[in-house]
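Listed below are the residues making up each chain.
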Amino acid sequence: SNTVFASELQDKQVIMKMMNNYVNTVACETSKVQLNDIVTISLPEEDYTGSTYYVLWSGDKGCEGGSGTQSSYISEVSRYSSSRPFLVNNDDALGDNNEKAWQDGKSFTNYRFIKSIKINNGLLEVISWDYADDKFGGKDAGNNFPANKFKYTLKYVDDKSWKVINKVLLEQNK
């Protein structure tokens, strides 16, 4: 058990260093990835068949510049065996931080304002701000200052996607 924890911590330290290099090559105005920005999705089996982590970071991907180009991303990082390096598989681990999901209204939150992620009993908890709406109300203070802070709880369903199973309003600007 302690060996698993030690190797998980070592993995996270390697990933933290790698991701800080990565985000600085794909974005400007980036956040510094910390250990608490990395969550373990799956650990390797005894024969070390692989592991997967999600990493929260923010920045202006593509260095576009502007008031609405800064966003948060959840990158999926994994490795397939202990003899292989960690790879950044994508910057959209949950599959809904993309133009199509935004237009269809299928993104569970506005990724620009994600503040934290963590795993709790196999569920992914995300703290994020979002704009005022008819259901929750609130008052936005412009494009960069949404009204409502939520805790979203997501569950991995049917071995294919994360689904929101709970949404709690934590704070509101009025």
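The following paragraphs examine the structure supplied in this document.

Parameters and conventions
- Residues numbered from 1 in each chain as written.
- Predicted model: local features only at pLDDT ≥ 70, side-chain atom pairs only at ≥ 80, totals over all residues.
- Heavy atoms only, no water.
- Helix = DSSP H or I, 4+ residues; strand = E, 2+ residues; numbered from the N terminus.
- Buried < 20%, exposed > 50% of the residue type's maximum accessible area, 1.4 Å probe, protein only.
- Phe/Tyr/Trp six-rings, centres within 6.5 Å; stacked < 30°, edge-to-face > 60°.
- Disulfide = S-S within 2.5 Å.
- Pairing = 2+ DSSP bridges.
- Axes fitted to C-alpha atoms, helices over the stretch in contact; angles between N-to-C directions.

### Thoughts on unusual backbone geometry
- Non-glycine residue Cys63 carries a positive phi angle of around 55°.
- Mapped onto the elements of the fold, Cys63 is located in the loop between strand S3 (51-61) and strand S4 (71-79).
- The partly exposed category is assigned to Cys63, whose relative accessible area is 39%.
- Phi at Asn121 is positive, roughly 55°, even though this residue is not glycine.

### A word on the packing of aromatic side chains
- Evaluated as defined, the whole model comprises 10 aromatic pairs.
- Seen in terms of ring centroids, Tyr156 and Trp162 are 5.2 Å apart; in terms of plane orientation they differ by 65°. Their pairing is edge-to-face.
- Using a relative accessible area of 38% as the deciding quantity, one classes Tyr156 as partly exposed.
- Put simply, the rings of Phe108, Tyr111, Phe136, Phe150 and Tyr152 pair up and form one aromatic cluster.

### Examining the state of the cysteines
- The final tally for this structure, using the stated rule, is 1 disulfide.
- In this model Cys28 forms its disulfide with Cys63; the gap between the sulfur atoms is 1.9 Å. Disulfide Cys28-Cys63: the torsion about the S-S bond is 95°, which places it as right-handed. With Cys28 in strand S1 (residues 27-28) and Cys63 in the loop between S3 and S4, this residue pair connects regions lying 35 residues apart in the sequence.

### Observations concerning the sheet that holds strand S6 (residues 114-120)
- Ordered in space as S6-S7-S8-S9, the 4 strands form an open sheet in which the pairing is antiparallel. Sheet topology places S6 and strand S9 (161-172) at the edges, where each strand pairs with a single neighbour. The sheet shows a mean angle of 20° between the axes of neighbouring strands, direction not considered.
- Relative to S9, strand S8 (residues 148-157) runs antiparallel, the two sharing 10 bridges.

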